[in-house]
Amino acid sequence: MPAEIPARAAREMAALLGGRPEALDALDAVAPRTADAMAAGFADVLSESGLGRAEREIATLAALIALGDTGPQLAVHTAAARNAGVDDSEIALLVHHLVPYVGFPRVLQAVGAMGLTRVPPEHDVDLGDHTTRVTDRPAEGAERREPLVLLHALALDRRMWSRVLDLLPADRRVIVPDLRGHGRAADAPPPSTLHGHAGDLAALLDRLEVPAAQVAGLSLGGAVAQTFALDHPGRVARLDLLAAVADPKEAFEGRARSGEADGMAAQIAPTLARWFTPETLAENPWAVRYARDRIARMAPADWAANLRALATVDTRARLAEITAPTRVVAGGADLSVPADEVRTIADDIPGAEYTVIPGAPHMIALQNPDELAAVLAR
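Everything numeric in this text was worked out from a predicted model, so none of it was measured. (Residues numbered from 1 in each chain as written. Predicted model: local features only at pLDDT ≥ 70, side-chain atom pairs only at ≥ 80, totals over all residues. Heavy atoms only, no water.)

1. Details of the environment of V313
Alright, step 1. By secondary structure assignment, the location of V313 is in the loop between α15 (300–310) and β7 (326–331).
Alright, step 2. Placed 144 residues apart in sequence, V313 and P169 show a C-alpha to C-alpha distance of 32 Å.
Alright, step 3. Leave out the neighbours within four places in its chain, and V313 touches L194, A223, V245, A246, D247 and P248. (Helix = DSSP H or I, 4+ residues; strand = E, 2+ residues; numbered from the N terminus. Contact = heavy atoms within 4.5 Å.)

Have a look at this one:
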């Protein structure tokens, strides 16, 4: 007779494994007392408060990788980690983190058993006064269109686009850099205006030998994309402005000063509240954990410099000069840049298409990657 499973153990099994594990039934047949001990582990250890399911599964994966020769268990717990909300990109970073501790042989052995999603290639690019890291996914087969460049929001980095990138058609080269003062470009001299960011993008395309590209930017990235389209019009084949502003806001300087005076911990709650819906914040998926971590770890000087650069946005009076086919996208639930405000940008760009993603907050790429990828792929 199968081992009796306490209700709390059954709940953990269902949440992590989708139901009763096959290994438990196998143990029941030959070692019922061991099966009872395994069931007790779900009831008394995994259901204990204090450590969440995601944290426990990350710790379990680390232990199994360190032990070595644990392929079947790694497959089970990789699936359990995903069920607990751990993203494949987080698991890949865990694997990278473990290399100096457990060595390449065990890490390589583990990767073969875990079935991780393939990570797009990355490389460093020297832009003169600083080096940036770029995700550079090549097109599969013959490249029929210009590459797509994705520009991230304030405080985040190239990984903001990871979910969207996975959903974009594979026949398109996609280039995703860290902007100055962000990610691996955090040690760069701080920007003073958006024209500096636009110059960085021009230099990047030069280094990558890309004469023209479709450029899409969200929030800060959208302001940079507008500036780039005006400073380098011949290099923009298409423009996508997502939750973007074309006018400076008084709040930018206040947020810059708060970062300098109060530190980055004080920026987390108000920023996340502007970026995500309350329901998503309560769920606390990878997107929120990633954004929280990036804000907390950003240098206050980089935060302030980029906000002050954003406060120099001067594109409104020149939007009519943009000749590239343009799409302007707003989030229907955006509290940071409401849809009606975003619409005015489309109104001022000749022939611009205006799209609203219903229910999407400011951070569309993180909370609504499926809908945004579908728009960008059109």
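That shown, we press on.
2. Some thoughts on the layout of surface pockets
Alright, step 1. Estimated volume of the largest pocket: approximately 1,000 Å³.
Alright, step 2. Taken together, 35 residues line the largest pocket, and the ones lying closest to its centre are D88, S89, A92, L93 and V119.
Alright, step 3. With seven residues, the top contributor of residues to the lining of the largest pocket is helix α6 (residues 88–102).
Alright, step 4. Partitioned by chemical class, the residues of the lining of the largest pocket number 18 nonpolar, seven polar and ten charged.
Alright, step 5. Here the second largest pocket is characterised by a volume of approximately 520 Å³.
Alright, step 6. Residue lining of the second largest pocket: 20 residues in total, with L93, R159, D293, R294 and R297 positioned closest to the centre.
Alright, step 7. Of all the elements, helix α14 (residues 286–297) adds the most residues to the lining of the second largest pocket, at six residues.
Alright, step 8. Considering only residue class, the lining of the second largest pocket consists of eight nonpolar, four polar and eight charged. (1 Å grid on protein atoms, 1.4 Å probe; cavity = no way out; pocket = protein on both sides within 12 Å on 5 of 7 lines; lining within 4 Å. Points joined across faces, edges and corners; volume = space filled by probe spheres on them. Nonpolar A, V, L, I, M, F, W, Y, C, P; charged D, E, K, R; others polar.)

3. Side note on the pairing of strand β4 (residues 174–177)
Alright, step 1. Judged by which residues are buried, β4 turns out to be covered on both faces: V174 and V176 on one side and I175 and P177 on the other are all buried.
Alright, step 2. Inspection of the sheet shows strand β2 (residues 131–137) paired to β4 by four bridges, in the antiparallel sense. Note on β4: the bridge partner recorded for R137 is V174.
Alright, step 3. Judged from the two bridges that link them, strand β3 (residues 148–151) and β4 form a sheet pairing that is parallel. Its bridge partner lying in β4, L148 is registered against V174.
Alright, step 4. On the question of chirality, the crossover connecting β3 to the parallel β4 by way of helix α8 (residues 162–167) is right-handed. (Buried < 20%, exposed > 50% of the residue type's maximum accessible area, 1.4 Å probe, protein only. Pairing = 2+ DSSP bridges. Right-handed = clockwise from strand over helix to strand, strands pointing away.)

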